[in-house]
There are 4 protein chains.
Amino acid sequence: MESIDYNEADYSSGCAVPSKVNKKVKPDRTIVNIGDISFGTSDIVIIAGPCAVESSRQLIETAGFVRKAGANILRGGAFKPRSSPYSFQGLGEEGLKILSEARHQTGLPFVTEVMDTRQVELVSQYADMLQVGSRNMQNFVLLKEVGMQKKPVLLKRGMMATIEEFLLAAEYILNQGNDQVVLCERGIRTFETTTRNTLDLSAVPVLKHLSHLPVIVDPSHGTGHRWLVPTMALAAIAAGADGLIIEVHYNPEEALCDGHQSINPEEFSALITDLDKIAQAVDRKIVKPQPSAK
Amino acid sequence: MESIDYNEADYSSGCAVPSKVNKKVKPDRTIVNIGDISFGTSDIVIIAGPCAVESSRQLIETAGFVRKAGANILRGGAFKPRSSPYSFQGLGEEGLKILSEARHQTGLPFVTEVMDTRQVELVSQYADMLQVGSRNMQNFVLLKEVGMQKKPVLLKRGMMATIEEFLLAAEYILNQGNDQVVLCERGIRTFETTTRNTLDLSAVPVLKHLSHLPVIVDPSHGTGHRWLVPTMALAAIAAGADGLIIEVHYNPEEALCDGHQSINPEEFSALITDLDKIAQAVDRKIVKPQPSAK
Amino acid sequence: MESIDYNEADYSSGCAVPSKVNKKVKPDRTIVNIGDISFGTSDIVIIAGPCAVESSRQLIETAGFVRKAGANILRGGAFKPRSSPYSFQGLGEEGLKILSEARHQTGLPFVTEVMDTRQVELVSQYADMLQVGSRNMQNFVLLKEVGMQKKPVLLKRGMMATIEEFLLAAEYILNQGNDQVVLCERGIRTFETTTRNTLDLSAVPVLKHLSHLPVIVDPSHGTGHRWLVPTMALAAIAAGADGLIIEVHYNPEEALCDGHQSINPEEFSALITDLDKIAQAVDRKIVKPQPSAK
Amino acid sequence: MESIDYNEADYSSGCAVPSKVNKKVKPDRTIVNIGDISFGTSDIVIIAGPCAVESSRQLIETAGFVRKAGANILRGGAFKPRSSPYSFQGLGEEGLKILSEARHQTGLPFVTEVMDTRQVELVSQYADMLQVGSRNMQNFVLLKEVGMQKKPVLLKRGMMATIEEFLLAAEYILNQGNDQVVLCERGIRTFETTTRNTLDLSAVPVLKHLSHLPVIVDPSHGTGHRWLVPTMALAAIAAGADGLIIEVHYNPEEALCDGHQSINPEEFSALITDLDKIAQAVDRKIVKPQPSAK
């Protein structure tokens, strides 16, 4: 017996939307702020960086590159959820320190994943934004815990999650008092095997129709192939995404994680130029960090 | 024991590509021509019209509207594949005659579906382009039959078909001597129910990477919701599509078929304006029919 | 606008059931007869034979083996639907003649696939039962054509068809006056790749709950692996199936089609022994052909 | 860059199997013991009880019923993972105390879900077996934590996890030193909506072929409909399952959770009788608790 307390439900698209994330209840779009960066305005926010923090040199060089090319926020995993226990599991707190150093040197805030309720406080001490990964989208105790923090949250859609379940996961966070949530479409699992996942770009207009929360897209996990990332990044902005999160590695062939879907700094730089044109075609813009920033 | 005679196979994306559709075998992109309309160039080709031909008045009025707004080709079903035997099955040959009359009055060529090997000759006598629908994508005898015609073919991806199966279906047509094939992504079936299908836009760059055939997108069937059609049409062009096929009805609420996913003439007209901006952002263009044409 | 004329609809399982296949409209179970063989009684009907008819010797030897082991009906493809145009397409009418000769020598009736409306009469002249394959489950003109014959039909579920679509496909046949339809679950397409398809055994009790038509299971296509066939055949009978269709080849390694999912005669014979025990545990029985039969 | 350290890999079914769960590395089947109950022998182990612990009376009455009918282990959720934050979240530690009281009164050991790394020690103090639920199958920190306990673990397959991912999740537990893991197939998410999930019974023989761990089936979540539970329970045993976990509620209509898929005590009792026949047909047996037990 489910007793969902929806203030408003929208069945027009076959989906019941819980109250706190519901655009009918709160028609104004939520703006999620990190310093002077805003998700949910006409600005397109670009998050970029490697899958995993591997070393101080790797991260800081990459951070410098992506900042120069136009990224607004740095990404990098310190705690890595890996399908196999024998895969690289991340540098842990050491990774958080390297991320902080990269922020210090480039001025870029960073987002990093938190996997364990016991790590939430630690990660919050370092990070500017907490990521809840796809495999933890229905880790309800983790959702509650990040909901109790004062940090913005990047919530990735589960690879098996319906739109309704995705919004209910966000509701768990808002229900604890934290409304600074950015939703991220990152591909769903289907029968198609040519791509790693099937990037569900129609989720972008659907989510923006049903909810007031900002929506970004991850074309790296969404496709799993480096050569598909730029094209699908353009398509995501045309579909109305408020931003992108893109894996960039200075040497994808040697990446400890997800090298096959990481683009290199030159490709990233070319992509930003193309994105700018598409953004303008839909009356939006990429806002590059000021060159005067440290 | 499969004995596929691939001249070249491309495993880079986990997909074996048969020889006649394979871009490695024939690197030049195939141009599919219908009069002065060309699929596979920098032009974006727009196909529009109702799901089904319902009456002479309905079709001819709609044809006039979509031509004026900028459509290049008219669509309309005379023979309709319907899940239920009790749903409207189309007007049959009478529908083909109405489509021909609309072409006569507006100058727009038309594409219409053929469902039965026994109808292929009849439909070929009327239509400018033969459509093989999603449910018939692996109707191999039908593929062979349209492959023996001298008409361009619009081949829609099966809702359950992998990229590899889609290309093998096209190979059946080319293998009979007809290389005038346009591929159409129209949404795949997944667990998500908010949308009718999941529009797999990454199929566009994947297909254009593996094959020399033009690729268009159907955002109407791909989403199943009128309000999603314009956004996903924009995203399709950003993803590199060579054209679009869009359901337009002058009164969607009263359509005998697929009214919930049909846009009206005003929405279609506004969409063309927006598409033009996106097309330019990716160095392509919409070519509207000349006003001087009848 | 769908205007489905349901006399009765059953929403208890989220599925609308059309009238002619609906158990609420006709509570008595339909019995489908081929000579003295009956689908839909307490008897379990076993269909066995090779994927494709390859030669007279191959088919007739196999027919003898499977008859002796306990098969009631012979299967074998003369017209083969193949994903690739370069795969073996079947022997055509020659295959039908070989099937007839095998029937003459063993007394086993046979079922074979029909793919083209133009072949329906021809195939009907030879076969005891017409198979509509998975890829043609929504080939509506073919469904109508077999509905006009006086032959029993084996309708296989589309690999991505819902239960509702499957029942609507059967309704097309009944709506033409032919109620001798046996439904066949043969695996659906999912994200799982360990098995060729995911055999949806819960479809068996669901279909028998919603419809009065007999239901059988194809564990060969449903799993795609020879070693899984016996186990899933047992499970199918426990789930309430009225029969099985199993690929048997006297030399699976050399089969021109589907050898990896074909069992050999010894495995088939052992399976029948095990099936008999499961059948008895659910108060049913395997009825082997009389040894005195030719 | 994945660097999976497989001692042995089995590609025969397209699946790489990690070393500690791999049957080629350790051919003997693992026996998981809880008192005198053994998973992985010829005995079929029956776990039964309500979705959630709702009250002392509800649980203890149900425990008495299912024990008498033949259940070996009691199930009941104290911490409940719910899609919506507004659904009943379980009684927490109070639920664990009620479960312990039921064990005291009936002699049945119990399994209950643990959702949070911070709860693992607490739950371990009460429970006889720790359940990791479907939504946490890739909660890797939780897997590691239960791997460090001395308690048997019931690991449910993620609703969109491949066989390979499922085995890798189990490997996380074994890799921490705990090899007392029982795998549970509970339905996967597909396009089919008639059933809540698609129960993938072929996973049973596949898992038993690839791994030495015991495998059980959950027909309640696997189907989502009370009337399908008994049939699919029979099919699961025919498919080779080592046990079943079944939701039983003394008044399903009033259950706080999953009432639509819970059977009542009478249905459960009748099911055990039928299961016994199927078990014997595959040379196995149901071992009911001794009536002399408290």
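Conventions and cut-offs
Residues numbered from 1 in each chain as written. Chains lettered and ligands numbered in written order. Predicted model: local features only at pLDDT ≥ 70, side-chain atom pairs only at ≥ 80, totals over all residues. Heavy atoms only, no water. Helix = DSSP H or I, 4+ residues; strand = E, 2+ residues; numbered from the N terminus. Buried < 20%, exposed > 50% of the residue type's maximum accessible area, 1.4 Å probe, protein only. Lys, Arg positive; Asp, Glu negative; His and termini not counted. Salt bridge = Lys/Arg side-chain N within 4 Å of Asp/Glu carboxyl O. Polar contact = N/O pair within 3.5 Å; in protein donor to acceptor, adjacent residues only side chain to side chain. Contact = heavy atoms within 4.5 Å. Buried area = accessible area lost by both parts, 1.4 Å probe. Nonpolar A, V, L, I, M, F, W, Y, C, P; charged D, E, K, R; others polar.

Things to note about the side chain of Arg186(A)
All names here are of chain A. Mapped onto the secondary structure, Arg-186 falls in the loop between strand 8 (181-185) and helix 6 (203-210). Buried within the structure, Arg-186 lacks any salt-bridge partner; its nearest side chain of opposite charge belongs to Asp-218, at an N-O separation of 5.7 Å. Within polar-contact distance, the side chain of Arg-186 engages the side chain of Ser-134 at 3.4 Å. With residues near it in sequence (within four places) discarded, Arg-186 still touches Ser-134, Lys-156, Arg-157, Met-159, Asn-197, Leu-199, Asp-218, His-221 and Gly-222.

Remarks on the pattern of salt bridges
Taken as a whole and judged by the stated rule, the model has 62 salt bridges over all chains. In this structure, Glu247(A) and Arg75(A) form a salt bridge, with 3.7 Å as the shortest nitrogen-oxygen distance. Residue Glu247(A) is located in strand 10 (residues 243-247), and its partner Arg75(A) is located in strand 4 (residues 73-75); the two are separated by 172 residues in the primary sequence. The partner of Glu145(A) in a salt bridge is Arg118(D), with the nearest N and O atoms 3.0 Å apart. Of this pair, Glu145(A) sits in helix 4 (residues 140-147) while Arg118(D) sits in the loop between strand 5 (110-113) and helix 3 (120-126), each in a different chain. When its relative accessible area of 15% is taken as the criterion, Glu145(A) is described as buried. Overall, Arg118(D) belongs to the partly exposed group, its relative accessible area being 43%. Here the salt bridges do not stand alone but share partners, grouping Arg157(A), Glu185(A), Asp200(A) and Glu192(B) into one network.

Overview of helix 8 (residues 229-238) of chain A
All names here are of chain A. Counting buried residues along helix 8, eight of its ten residues qualify, which places the element largely inside the surrounding structure. Along helix 8, the residues that are buried comprise Val-229, Met-232, Ala-233, Leu-234, Ala-235, Ala-236, Ile-237 and Ala-238. Just past helix 8, the residue Gly-240 takes up positive phi, approximately 105°.

Looking at the interface of chain B and chain C
At the interface, 42 residues of chain B touch 43 residues of chain C. Buried area between chain B and chain C, both sides added, is near 3800 Å², and the carbon and sulfur share of it is 47%. At the surface where chain B touches chain C, the tally comes to four salt bridges. Scanning the region where chain B abuts chain C turns up 24 residue pairs in polar contact (both at pLDDT 80 or more). Elements represented by at least two residues in the side of chain B that touches chain C include exactly helix 4 (140-147) and helix 5 (163-174) of chain B. Split into classes, the residues belonging to the side of chain B that touches chain C amount to 17 nonpolar, twelve polar and 13 charged.

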